[in-house]
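Residue-level structural notes
As a plain string of letters, each chain reads:
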Amino acid sequence: MKTVRVEAGRPYDVMIGHGLLSMLGDAILARHKLCRIALVADETAFQLYGGKARKSLLDAGFTVVSCLIPGGEAAKVLPTVEGLLTLSFIHLWRCRRRG
C-alpha cells in the first residue's frame, strides 16, 4: 500500500493499493466516530464496488445507507445535492458510534 498526501485547502491522504476496499470500514473507524455512513455511488460504480464497500463498513460496525445517483455530468446538479442532503438529514443526523 502507498499513501499519497494531497496538499489542498484541506489536506488529505489517498491510499493506493490492491485489496484496500475490504479495509475501508476499519480505515474510516480509525478516524471517525460515526455509526452511520452514506455510501454514495452511481449505478456502475455500485455494481462494481458497492457490495465489497458495504460489507467492509458493516463488518466495522457502521450502519450503511446506500444512495445510488445517476452517472455522468447530468447528475451533477443541485437537485442531486438536495437529495443527498435530505438523505443525510433523515438517516445520518446526530449519530455517534456505538460502544
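Rules and cut-offs
Residues numbered from 1 in each chain as written. Predicted model: local features only at pLDDT ≥ 70, side-chain atom pairs only at ≥ 80, totals over all residues. Heavy atoms only, no water. Core = buried A, V, L, I, M, F, W, Y, C linked by side-chain atoms within 4.5 Å. Buried < 20%, exposed > 50% of the residue type's maximum accessible area, 1.4 Å probe, protein only. Helix = DSSP H or I, 4+ residues; strand = E, 2+ residues; numbered from the N terminus. Contact = heavy atoms within 4.5 Å. Pairing = 2+ DSSP bridges. Right-handed = clockwise from strand over helix to strand, strands pointing away. Patch = residues over 30% accessible without salt bridge, like charges linked within 9 Å, V, L, I, M, F, W, Y side chains within 5 Å. Areas by Shrake-Rupley, 256 points an atom, 1.4 Å probe, with all protein chains shown as cover. Salt bridge = Lys/Arg side-chain N within 4 Å of Asp/Glu carboxyl O. pLDDT = per-residue confidence, 0-100. Polar contact = N/O pair within 3.5 Å; in protein donor to acceptor, adjacent residues only side chain to side chain.

1. Regarding the nonpolar core
- The biggest cluster of nonpolar side chains holds seven residues, and these are I37, L39, A53, L57, A60, F62 and V64.
- The set of elements that each furnish at least two residues to this core consists of strand 3 (36-42) and helix 2 (43-59).
- Non-local contacts of A53, meaning those with residues more than four positions away in its chain, are made with L21, L24 and L39.

2. Considerations on the pairing of strand 4 (residues 63-69)
- Here seven bridges tie strand 3 to strand 4, and the two strands are oriented parallel to one another. Along strand 4, the bridge assignment pairs R36 with T63.
- You can see the chain leave strand 3, run along helix 2 and come back into strand 4, and the turn it takes is right-handed.

3. Brief notes about a nonpolar patch on the surface
- There is a patch of nonpolar side chains on the surface, built from V4, Y12, V14 and I16 and spanning about 310 Å² of accessible area.
- For the nonpolar patch, the element with the most residues is strand 2 (residues 12-16), which contributes three residues.
- On the secondary structure map, Y12 appears in strand 2.
- By relative accessible area, which is 42% here, Y12 ends up partly exposed.

4. Structural notes on the confidence of the model for the chain
- For the chain, the mean per-residue pLDDT works out to 86, and 91% of the residues sit at or above 70.
- Taking the mean pLDDT of every element in the chain, the minimum, 82, falls on helix 3 (residues 78-92) and the maximum, 95, on helix 2.

5. Re the pattern of salt bridges
- Under the counting rule described, the total for this entry stands at four salt bridges.
- Salt-bridge contacts for D59 lead to K55; the nearest nitrogen and oxygen are separated by 2.6 Å. Here D59 and its partner K55 are both found in helix 2, four residues apart, which amounts to about one turn of the helix.
- You can call D59 exposed: its relative accessible area is 56%.
- Between K76 and E73 there is a salt bridge, with the nearest N and O atoms lying 2.9 Å from each other. E73 shares its class with K76; the two are exposed.
- A single salt-bridge network, built from bridges that share partners, covers R5, E7 and D13.

6. Considerations on the side chain of S56
- Summarising the element assignment, S56 is placed in helix 2.
- At 3.0 Å, the side chain of S56 and the backbone oxygen of S22 are in polar contact.
- Sequence-distant contacts of S56, defined by excluding residues within four places in its chain, comprise L21, S22, M23, L24 and G25.

7. Re the environment of R31
- Its place among the elements puts R31 in the loop between helix 1 (24-29) and strand 3.
- Expressed as a C-alpha distance, the spacing of R31 and Y12, which sit 19 residues apart in the sequence, is 12 Å.

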